[in-house]
Amino acid sequence: MLEELKEKVCAANKELVKQGLVILTIGNVSGRDRRKEYVVIKPEGVSYEEMTPADMVVTGLNGEVVEGSHPPSGYIHAHCFVYKHRKDVGGIAHTHSPYATSYAVQGKPIPALLIPHTANFGGDIPITQKYDMEHKYGIGSALIKAMKNKNEKAVILDRHGIFTFGNDAADAVKYAAILEDLAKTYRAAGR
Ligand SMILES: [Zn+2]
């Protein structure tokens, strides 16, 4: 089922590697099927290199597996929580890309200091409060609480990494790449 979406989500996951945003099996991308409210997400523990569309896992909006020969990414409940609360979001990416994540180290939002930043993200990238990793929806609810407006494209997960949100999986990865590039520039400027 959802063959086209599986291809798109698989390609978007591999794009994380091409853009230099992840190492090893870290990071994950999902896409939402808008008609039936399914989520297609990266499988747990499969390398980016070996990953094929057939390895993608289909779940319902509560994270229950509908189809897949692997378990879904351990972040499935965070993705599902955001999809439930943000009807506009069709794709989500999570990375620990170093420059953007350096703000998570400091517990600070990423300030909007360049025009391309404002053009893409509207303003500062908010950061979550501390969250409960043990709770199923700890990450998801922290992300939603951190969103100051209804169309936030990115949120920093405190002491962890970043999440980005797009119209589809490829769009979410695009925002992850843009944010990393902006953060790198800010760090070069000592900000
Ligand atoms: Zn993570």
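Let me begin by describing the structure that accompanies this report. Quick caveat, the model's predicted, so the values are computed rather than measured.

## Overview of the overall build of the protein
Argument step 1. Scanning the protein from N- to C-terminus turns up six helices and seven strands.
Argument step 2. The N-to-C order of helical and strand elements in the protein reads α-β-β-β-β-α-β-α-α-α-β-β-α.
Argument step 3. Relative to a compact globule of 191 residues, whose C-alpha radius of gyration would be 16 Å, the protein shows 15 Å and is just as compact.
Argument step 4. When burial is assessed residue by residue, the protein has 45% of its 191 residues classed as buried.
Argument step 5. Within the protein, contacts between residues at least 6 apart in sequence are counted, and of these 61% link residues at least 24 apart.

## Quick notes on the nonpolar core
Argument step 1. Counting residues in hydrophobic clusters, the biggest one holds 54 residues, and the most contacted among them are Val 9, Val 29, Leu 143, Ala 172 and Leu 179.
Argument step 2. Beyond its immediate sequence surroundings of up to four residues, Val 9 is in contact with Val 29, Ser 30, Gly 31, Val 40, Ile 41, Met 56 and Ala 169.

## Observations concerning the sheet that holds strand 5 (residues 91-95)
Sheet strands pair via backbone hydrogen bonds, and the direction of the pair is either parallel or antiparallel.
Argument step 1. Taken in spatial order, the seven strands make up an open sheet running 4-3-2-1-5-7-6, and their pairing is antiparallel. A single partner strand is all that each edge strand has here, and the edge strands are strand 4 (65-67) and strand 6 (154-157). Between one strand and the next, the sheet's axes are offset by a mean angle of 25°, whatever the strand orientation.
Argument step 2. Judged from the four bridges that link them, strand 1 (residues 28-33) and strand 5 form a sheet pairing that is antiparallel. When the sheet's bridge partners are listed, Ser 30 is paired in strand 5 with Ile 92.
Argument step 3. Strands in contact with helix 3 (residues 98-106) are strand 6 and strand 7 (161-166); relative to strand 7, the strand with the most contacts, it is inclined by about 120°.
Argument step 4. Where helix 6 (residues 169-188) meets the sheet, it contacts strand 1, strand 5, strand 6 and strand 7, and its direction lies at approximately 135° from that of strand 7.

## Description of the packing of helix 3 against helix 6
Argument step 1. Across the interface, helix 3 lies against helix 6 with an axial gap of 7 Å and an inter-helix angle of 70°. Taken together, the axis directions place helix 3 and helix 6 in an arrangement best described as roughly perpendicular. Along the contact surface, helix 3 presents Tyr 99, Ala 100, Ser 102 and Tyr 103, while helix 6 presents Leu 179, Glu 180, Ala 183, Lys 184 and Arg 187.
Argument step 2. When its residues are assigned to classes, the contact of helix 3 with helix 6 shows five nonpolar, one polar and three charged.

## Some points on unusual backbone geometry
Argument step 1. Within the chain, Leu 2 stands out as a residue other than glycine whose phi angle is a positive 55°.
Argument step 2. With respect to the helices, strands and loops of the structure, Leu 2 is situated in the segment before helix 1 (3-18).
Argument step 3. Judged by the 20 C-beta atoms lying within 10 Å of it, Leu 2 falls in the buried class.

## Re the environment of Asp 158
Argument step 1. Relative to the elements of secondary structure, Asp 158 occurs in the loop between strand 6 and strand 7.
Argument step 2. Apart from residues no more than four positions distant in its own chain, Asp 158 is found in contact with Ala 104, Gly 107, Ile 127, Thr 128, Gln 129 and Lys 130.

## Here we look at the packing of helix 2 (residues 76-85) against helix 5 (residues 138-146)
Argument step 1. Contact geometry of helix 2 with helix 5 gives a least axis separation of 7 Å together with a crossing angle of 40°. With respect to helix 5, the element helix 2 is oriented oblique. Helix 5 is crossed by helix 2, and the crossing has right-handed handedness. Across the interface between the two elements, His 77, Ala 78, Phe 81, Val 82 and His 85 of helix 2 pack against Ile 139, Gly 140, Ser 141, Leu 143 and Ile 144 of helix 5.
Argument step 2. Per-class residue counts for the contact of helix 2 with helix 5 are six nonpolar, four polar and no charged.

Analysis parameters
Residues numbered from 1 in each chain as written. Predicted model: local features only at pLDDT ≥ 70, side-chain atom pairs only at ≥ 80, totals over all residues. Helix = DSSP H or I, 4+ residues; strand = E, 2+ residues; numbered from the N terminus. Rg over C-alpha atoms; globule rule 2.2 N^0.38 Å. Buried ≥ 20, exposed ≤ 12 C-beta atoms within 10 Å, placed from the backbone. Contact = placed C-beta atoms within 7 Å. Core = buried A, V, L, I, M, F, W, Y, C linked by C-beta atoms within 7 Å. Pairing = 2+ DSSP bridges. Axes fitted to C-alpha atoms, helices over the stretch in contact; angles between N-to-C directions. Parallel < 35°, antiparallel > 145°, perpendicular 65-115°, else oblique. Nonpolar A, V, L, I, M, F, W, Y, C, P; charged D, E, K, R; others polar. Left-handed = near helix turned anticlockwise from the far one by under 90°.

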